[in-house]
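Topology and contacts: notes
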Amino acid sequence: MPATFTRSALVLSLLFGLGQAHAASHPEPKAIAAAHGIPHPAVIAHRGASFDAPESTAAAYKLARDLGADYLEMDLQRSKDGVLFALHDDNLQRTTDVASKFPERKDSPATAFTMAELKTLDAGSWFNSKYPDRARPSYAGLKILTLDEIIDIARANPQHKPGLYIETKEPQLFPGIEHDLKEKLQDRGWLSPAGSKLAKSALGVGQGKGKVILQTFDKNSLQLLEKEMPQVPKILLLWVGEGSIEPKSAVTFAASGEKDKNVFYGKQEPKSEAEFKQWVDYAKAQGAIGTGPSAKLTQGGDQSYSDLVQPWMNQYTHDQGMLVHVYTVDEPVDYEKVMAAGVDGIFTNRASELLKFYKRPAAGSIDDVLKKNGF
Ligand code: G3P
Ligand code: CA
């Protein structure tokens with residue numbers, strides 16, 4: 001019997017005991033989340049508290065942790081010498097000074113660099129230049145972080161221990177990264193089952209059975225993650241475009257006449273209801289416990305994509321016994337909108353704002369927390 005089946009059967013039997021039936025055969029989303037040890041609604045700090053500090057650095061992750069975020073989100077890559085680390089883009093230009101330190105290799109993917117080379121890069125100064133109103137001298141010289149270092153950060157606050165929400169980013173560039181991730185999480189004790197006492201701990205999700213969530217846009221990577229870590233909750237990320245949901249219109253960005261890519265993306269919609277549903281069905285069949293769809297944001301911007309959290313979409317996903325964690329939402333007007341549409345958690349760059357919105361405000365201000373952490 002496949003491990004997936006065994007686990008699904010167990011989770012379902014738990015679910016029936018936990019909540020009122022939602023559709024014919026599934027409980028309320030809150031009960032689904034509880035059965036997986038996932039807070040509802042969940043605050044997922046996207047690349048850390050990345051509105052207020054340089055993304056994926058110690059400043060951003062420590063701030064998200066101490067504000068009280070449920071999860072530290074990261075995009076996982078692997079260095080030339082096999083070290084797992086966090087970086088969103090497929091090269092280092094936007095968020096480091098690679099162009100001045102390694103001019104001849106500035107366009108190379110991060111995997112072309114050893115960890116020692118990556119550690120020479122300044123991953124903070126770009127933020128000060130781009131966002132002078134949020135700049136801090138202490139951000140200059142911040143380093144790229146390994147997964148080990150992010151784990152250390154997640155564990156270091158005795159009062160609040162967030163979980164890890166890990167995306168295999170461009171996994172085709174890193175064959176075997178799913179296995180490497182499993183080994184690392186196992187070595188660090190993040191795959192061991194949590195006792196029921198710990199699962200209910202007030203210290204945060206990082207102590208319970210929902211302490212790690214794995215996420216990917218890539219169907220093949222989802223299968224590999226399920227094979228390597230069948231017991232760990234997984235989310236299939238969704239958008240409308242290449243490699244994901246097929247768009248209604250075949251007109252490309254280049255042919256569309258739009259100047260802004262995100263305006264173009266914002267107008268994209270799934271080819272059909274059936275096309276959307278078959279992605280949710282696929283996610284479920286591969287062992288995912290939910291989806292991570294894109295959102296269309298009120299003010300547009302470079303995080304605004306197709307609206308994949310329309311009420312019927314969320315309802316369909318819930319009816320399959322699955323959760324919806326939407327990315328990436330920063331404004332109260334959009335928090336309202338996506339929550340009203342029925343999502344179960346939000347990826348946000350502004351953990352402090354989302355915590356306020358959920359009436360779980362942080363004890364200290366952003367400035368206080370940054371200062372306390374030496375920034
Ligand atoms: O992982 C959820 C969200 O982060 C997906 O978009 O491009 O920011 O990784 P991206
Ligand atoms: Ca991500």
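Residues numbered from 1 in each chain as written. Chains lettered and ligands numbered in written order. Predicted model: local features only at pLDDT ≥ 70, side-chain atom pairs only at ≥ 80, totals over all residues. Heavy atoms only, no water.

If you check an unreviewed UniProt entry, the chain appears there as Glycerophosphoryl diester phosphodiesterase from Pseudomonas atacamensis.

**With respect to the coordination of the calcium ion (ligand 2)**
Summarising the metal site, the calcium ion (ligand 2) is bound by the protein donors Glu 73 (OE), Asp 75 (OD) and Glu 167 (OE), whose distances to it range over 2.2 to 2.3 Å. Because the angles between the six donor atoms bound to the calcium ion (ligand 2) fall within 58 to 159 degrees, the donor set is best described as irregular. Sequence positions of the residues that donate to the calcium ion (ligand 2) give the spacing E-x1-D-x91-E. Of this pair, Asp 75 sits in strand β2 (residues 71–78) while Glu 167 sits in strand β4 (residues 163–168), and the two are 92 residues apart along the sequence. Classification of Asp 75 as buried rests on a relative accessible area of 1%. (Donors = N, O, S within 2.8 Å, 3.2 Å for Na, K, Ca; no water. Tetrahedral: all angles 85-135°; square planar, octahedral: opposite > 155°, others 65-115°. Helix = DSSP H or I, 4+ residues; strand = E, 2+ residues; numbered from the N terminus. Buried < 20%, exposed > 50% of the residue type's maximum accessible area, 1.4 Å probe, protein only.)

**Here's the deal with the pairing of strand β5 (residues 212–216)**
Among the five residues that make up β5, five are buried, leaving the element largely enclosed by the rest of the structure. Of the two faces of β5, both are covered, the one formed by Val 212, Leu 214 and Thr 216 as well as the one formed by Ile 213 and Gln 215. Judged from the four bridges that link them, β4 and β5 form a sheet pairing that is parallel. When the sheet's bridge partners are listed, Leu 164 is paired in β5 with Val 212. Pairing geometry for β5 and strand β6 (residues 234–238), over three bridges, is parallel. By the bridge assignment for β6, Gln 215 is matched with Ile 235. (Pairing = 2+ DSSP bridges.)

**Focus: the site of ligand 1**
Taken together, His 46, Arg 47, Glu 73, Asp 75, His 88, Glu 167, Lys 169, Gln 215, Phe 217, Leu 237, Tyr 327 and Phe 347 form the complete shell of residues around ligand 1. A distance of 2.7 Å separates an oxygen atom of ligand 1 from a polar side-chain atom of His 46. A breakdown of the residues in the shell around ligand 1 according to their chemical character gives four nonpolar, three polar and five charged. (Near = heavy atom within 4 Å. Polar contact = N/O pair within 3.5 Å; in protein donor to acceptor, adjacent residues only side chain to side chain. Nonpolar A, V, L, I, M, F, W, Y, C, P; charged D, E, K, R; others polar.)

**Quick notes on the packing of helix α10 (residues 219–228) against helix α13 (residues 273–285)**
Contact geometry of α10 with α13 gives a least axis separation of 10 Å together with a crossing angle of 25 degrees. As judged from the angle between their axes, α10 and α13 are roughly parallel. Residues Lys 219, Leu 222 and Gln 223 of α10 touch α13, and the partners they reach there are Trp 279, Tyr 282 and Ala 283. (Axes fitted to C-alpha atoms, helices over the stretch in contact; angles between N-to-C directions. Parallel < 35°, antiparallel > 145°, perpendicular 65-115°, else oblique. Contact = heavy atoms within 4.5 Å.)

**Some words on the pattern of salt bridges**
Under the definition given, this model contains 27 salt bridges. Put simply, Glu 55 and Arg 94 hold a salt bridge, and the shortest N to O gap is 2.8 Å. With Glu 55 in the loop between β1 (42–45) and α3 (58–67) and Arg 94 in the loop between β3 (84–86) and α4 (98–101), the pair connects residues that are 39 residues apart, well separated along the chain. Looking at Glu 55, the relative accessible area reads 11%, which means it is buried. Of the charged contacts, one joins Asp 89 and Arg 94 as a salt bridge, the two residues approaching to 2.7 Å between their closest N and O atoms. Take Asp 89: its relative accessible area is 16%, and that puts it in the buried class. One network of salt bridges, in which partners are shared, links Arg 47, Glu 55, Asp 75, Asp 89, Arg 94, Glu 167 and Lys 169. (Salt bridge = Lys/Arg side-chain N within 4 Å of Asp/Glu carboxyl O.)

**Here's the deal with the packing of α13 against helix α14 (residues 311–319)**
At a minimum axis distance of 10 Å, the contact between α13 and α14 shows a crossing angle of 35 degrees. Considering only the axes of α13 and α14, their crossing is right-handed. Contact residues: Glu 273, Phe 276, Lys 277, Val 280 and Asp 281 in α13; Trp 312, Met 313, Tyr 316 and Thr 317 in α14. Tallied by class, the residues present in the contact of α13 with α14 amount to five nonpolar, one polar and three charged. (Left-handed = near helix turned anticlockwise from the far one by under 90°.)

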